[in-house]
Amino acid sequence: MDWFWRLKENYCTGCGICFDVCPESAIEMTREMALPEPVPNACTGCMTCVDECPFDAIEVTEGEDVGYELNG
Ligand code: SF4
Ligand code: SF4
């Protein structure tokens with residue numbers, strides 16, 4: 001089953017916690033990036049980033065591509 005990672009941009013502060021805690025390196029964040037982005041096909045759905053994001057800015061869903069929406 002595929003997992004889909006979606007950022008609610010309006011909630012995200014760019015704190016980088018999700019990038020730090022992901023055990024699969026499935027979240028990309030560089031100095032040039034203001035916000036985190038998902039690495040394609042890397043998420044295993046562990047939900048660590050969802051649990052650790054202080055701003056409730058991440059949705060991870062199984063099997064249904066809800067897309068990566070910058071303005072979600
Ligand atoms: S932990 Fe949440 S607020 Fe921080 S960068 Fe990740 S998605 Fe954005
Ligand atoms: S759900 Fe787990 S594997 Fe997927 S991006 Fe979040 S921390 Fe990484």
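Provided above is the structure to which this section pertains.
Residues numbered from 1 in each chain as written. Chains lettered and ligands numbered in written order. Predicted model: local features only at pLDDT ≥ 70, side-chain atom pairs only at ≥ 80, totals over all residues. Heavy atoms only, no water.

Points about the pattern of salt bridges
Here's step 1: Under the criterion given, the structure shown has 2 salt bridges.
Here's step 2: In this structure, the salt-bridge partner of E59 is R6, at a minimum N-O distance of 3.2 Å. One end of the pair, E59, is in strand β4 (residues 58–62); the other, R6, is in strand β1 (residues 3–7), with 53 residues separating them in the sequence.
Here's step 3: For R6, a relative accessible area of 12% gives the class buried.
Here's step 4: Taking the shortest distance from any N to any O, the salt bridge between K8 and E59 comes out at 3.9 Å. Here E59 lies in strand β4 and K8 lies in the loop between β1 and α1 (17–21), a separation of 51 residues in the sequence.
Here's step 5: Owing to a relative accessible area of 31%, E59 belongs among the partly exposed residues under this scheme. (Salt bridge = Lys/Arg side-chain N within 4 Å of Asp/Glu carboxyl O. Helix = DSSP H or I, 4+ residues; strand = E, 2+ residues; numbered from the N terminus. Buried < 20%, exposed > 50% of the residue type's maximum accessible area, 1.4 Å probe, protein only.)

Examining the site of ligand 2
Here's step 1: As a matter of local geometry, ligand 2 sits amid 13 residues, with C22, C43, C46, M47 and C49 nearest to it.
Here's step 2: If you map ligand 2 onto the pockets, it falls in the largest cavity.
Here's step 3: Of the residues in the shell around ligand 2, the class split is 9 nonpolar, 3 polar and 1 charged. (Near = heavy atom within 4 Å. 1 Å grid on protein atoms, 1.4 Å probe; cavity = no way out; pocket = protein on both sides within 12 Å on 5 of 7 lines; lining within 4 Å. Sits in = over half its atoms within 2 Å of the grid points. Nonpolar A, V, L, I, M, F, W, Y, C, P; charged D, E, K, R; others polar.)

Some remarks on the site of ligand 1
Here's step 1: Contacts to ligand 1 come from 14 residues, most closely from C12, C15, G16, C18 and C53.
Here's step 2: Using a 2 Å cut-off from the grid points, one finds that ligand 1 occupies the second largest cavity.
Here's step 3: Residue composition of the shell around ligand 1, by class: 11 nonpolar, 3 polar and no charged.

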